[in-house]
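Close look at the chain arrangement
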Amino acid sequence: MAAPSQQRLVVVSVSPQSRASLAARFQLNPTDTARKLTSFFKKIGVHFVFDTAFSRHFSLLESQREFVRRFRGQADCRQALPLLASACPGWICYAEKTHGSFILPHISTARSPQQVMGSLVKDFFAQQQRLTPDKIYHVTVMPCYDKKLEASRPDFFNQEHQTRDVDCVLTTGEVFRLLEEEGVSLPDLAAAPLDSLCSGASAEEPTSHWGGGSGGYLEHVFRHAARELFGIHVAEVTYKPLRNKDFQEVTLEKEGQVLLHFAMAYGFRNIQNLVQRLKRGRCPYHYVEVMACPSGCLNGGGQLQAPDRPSRELLQHVERLYGMVRAEMPEDAPGVQELYTHWLQGTDSECAGRLLHTQYHAVEKANTGLGIRW
């Protein structure tokens, strides 16, 4: 038993991508997987288990607002656009260490869902529990080894309390091995109710977002920008594949004029092509959802593999399970506006900027990270 001064409240935050991968392995639906995972973690001493889909609401909303600000200010700043998504730590590591100061001004400052959850747990939730941040031990379950690098960034370290926003990152595969070491079969566990971060947020079932397995950044920013900038409601986002399925475009047109030109670029072959076009001044996009892994986060390096099943077939199964979860618009998600008002003191406050955004640092030595699927 730890001494009182050393005791910690243990919190685990589970990503929707990890949940889908485990659901595929155990032949469960995503909701049962979430509830049985909650049961497992609480059996081994965890106090609260959260869903990072909730923190993604804030990441998406901040990305949307940042894009609209940059679009409106592009006449005054040459580097305002294109805006490049920032949720993938493999891409961020590559950008900082390979292209440095040239590319960094184009990257969104919005924190990833993992690091927004770090703020929620170590700031908002700590206040609710009447604890200092160092009295909470925060573990995330992620589809990607590079999330460990992200959690260790100095930008996400609280100097006053000497604690990280995320203390430990477990990949999906590491959680699977933990289940094996504990002799636990997930389907055999009783379901446990999900925890919610605040009173206004429902925890009856896990939730997700529209727009694919990497969080839907392109679709959410696209729909919001179309409505906010041009008063156009986009009912369905239509993708146009280019050289390969991991490089696709989306456009908003009116009377033959292109108003918005977005793209998704997954995998380093497409990222390098994007960067070269940007350096030559021939990048036509306003926004790009960038992910280091081909096929995005559902195919992350920390996800489970099946030696007796083709990887493409497994990925398609995981994608189907991921898509089964009820999707929410971040603007309408219960609890989100409550936290903007009472925790963050408004959408454009200093507090929101400090807790929901980050900065980047040019580094000379090239290193593309650890957990990327090449």
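To keep things clear, this report deals only with the structure shown in the data block. As the structure is a computational prediction, the values presented were derived from the model and not from experiment. (Residues numbered from 1 in each chain as written. Predicted model: local features only at pLDDT ≥ 70, side-chain atom pairs only at ≥ 80, totals over all residues. Heavy atoms only, no water.)

**Things to note about the pattern of salt bridges**
Under the definition given, this model contains 18 salt bridges. The salt bridge partner of Arg 326 is Glu 205, with a shortest N-O separation of 2.8 Å. Taken together, the positions of Arg 326 in the loop between helix 10 (311-323) and helix 11 (336-342) and Glu 205 in the loop between helix 7 (172-181) and helix 8 (217-230) put the pair 121 residues apart, joining distant regions of the chain. The class of Arg 326 is partly exposed, set by a relative accessible area of 36%. Between Glu 328 and Arg 326 there is a salt bridge whose closest N-O contact spans 3.4 Å. Here Glu 328 falls in the buried class, since its relative accessible area comes to 12%. Put simply, Glu 96, Arg 153 and Asp 155 are held in one network by salt bridges that share partners. (Salt bridge = Lys/Arg side-chain N within 4 Å of Asp/Glu carboxyl O. Helix = DSSP H or I, 4+ residues; strand = E, 2+ residues; numbered from the N terminus. Buried < 20%, exposed > 50% of the residue type's maximum accessible area, 1.4 Å probe, protein only.)

**Details of the nonpolar core**
In terms of nonpolar packing, the biggest core is built from 48 residues, with Phe 67, Leu 84, Trp 91, Ile 103, Ile 107, Leu 260 and Phe 262 touching the most fellow members. Contributing elements (two or more residues each) for this core: helix 3 (53-72), strand 3 (83-84), helix 4 (89-103), helix 8, strand 9 (247-254), strand 10 (257-266), helix 9 (268-279) and strand 11 (287-291). Broken down by element, this core gets its largest block of residues, seven residues, from strand 10. For Phe 262, the contacting residues outside a window of four places in its chain are Phe 67, Leu 218, Val 221, Phe 222, Gln 248, Glu 249, Val 250, Tyr 285, His 286 and Tyr 287. Of all hydrophobic cores here, the second largest spans 26 residues; its members include Phe 50, Phe 54, Phe 58 and Val 121. (Core = buried A, V, L, I, M, F, W, Y, C linked by side-chain atoms within 4.5 Å. Contact = heavy atoms within 4.5 Å.)

**Some details on empty space enclosed by the protein**
Summed over the entire model, instances satisfying the criterion amount to four cavities of 30 Å³ or more. Approximately 210 Å³ is the volume found for the second largest cavity. Elements with a contribution of two residues or more to the lining of the second largest cavity: helix 4, helix 5 (113-128) and helix 6 (146-151). Looking at the lining of the second largest cavity residue by residue, the classes come out as 12 nonpolar, six polar and three charged. (1 Å grid on protein atoms, 1.4 Å probe; cavity = no way out; pocket = protein on both sides within 12 Å on 5 of 7 lines; lining within 4 Å. Points joined across faces, edges and corners; volume = space filled by probe spheres on them. Nonpolar A, V, L, I, M, F, W, Y, C, P; charged D, E, K, R; others polar.)

**Describing the sheet that holds strand 2 (residues 48-51)**
Strand order in the open sheet made by the four strands is 2-1-4-7, with parallel pairing throughout. Sheet topology places strand 2 and strand 7 (168-171) at the edges, where each strand pairs with a single neighbour. Put simply, the sheet's adjacent strands are angled 25° from each other on average, direction ignored. With six bridges joining them, strand 1 (residues 9-14) and strand 4 (residues 136-142) adopt parallel strand pairing. If you follow Val 14 over to strand 4, its bridge partner there is Val 141. Most of the contacts of helix 2 (residues 30-43) go to strand 2, to which it runs at about 150°, and overall it touches strand 1, strand 2 and strand 4. (Pairing = 2+ DSSP bridges. Axes fitted to C-alpha atoms, helices over the stretch in contact; angles between N-to-C directions.)

**Concerning the packing of helix 1 (residues 16-26) against helix 2**
Running from N to C, helix 1 and helix 2 point in directions that differ by 100°, and their axes come no closer than 9 Å. For the element pair helix 1 / helix 2, the angle class is roughly perpendicular. Along the contact surface, helix 1 presents Arg 19, Leu 22 and Ala 23, while helix 2 presents Pro 30, Thr 33, Ala 34 and Leu 37. In terms of residue class, the contact of helix 1 with helix 2 is made up of five nonpolar, one polar and one charged. (Parallel < 35°, antiparallel > 145°, perpendicular 65-115°, else oblique.)

**What to know about unusual backbone geometry**
Here Arg 130, not a glycine, exhibits a phi torsion of approximately 60°, which is positive. Relative to the helices and strands, Arg 130 is located in the loop between helix 5 and strand 4.

**Let's talk about helix 10**
In this model, helix 10 (13 residues) spans 18 Å end to end at C-alpha, consistent with the 18 Å of a helix rising 1.5 Å per residue. Residues of helix 10 that are buried in the fold lie against helix 1 and helix 2. (Expected span 1.5 Å × (residues − 1).)

**Some words on the sheet that holds strand 10**
Strand pairing in a sheet relies on backbone hydrogen bonds. The paired strands run either parallel or antiparallel. If you trace the five strands from one edge of the open sheet to the other, you get 3-11-10-9-8, paired in mixed fashion. Strands at the two margins of the open sheet, each flanked by one partner only, are strand 3 and strand 8 (240-241). Relative to strand 10, strand 9 runs antiparallel, the two sharing eight bridges. Note on strand 10: the bridge partner recorded for Glu 249 is Ala 263.

**Focus on the packing of helix 1 against helix 10**
Direction vectors running N to C along helix 1 and helix 10 enclose 120°, while the axes themselves pass 9 Å from each other. Considering their axes alone, helix 1 and helix 10 lie oblique with respect to each other. Read as a crossing pair, helix 1 and helix 10 show a hand that is right-handed. Across the interface between the two elements, Pro 16, Gln 17, Ala 20, Ser 21, Ala 23 and Ala 24 from helix 1 touch Leu 314, His 317, Val 318, Leu 321 and Tyr 322 from helix 10. For the contact of helix 1 with helix 10, the class distribution of residues is eight nonpolar, three polar and no charged. (Left-handed = near helix turned anticlockwise from the far one by under 90°.)

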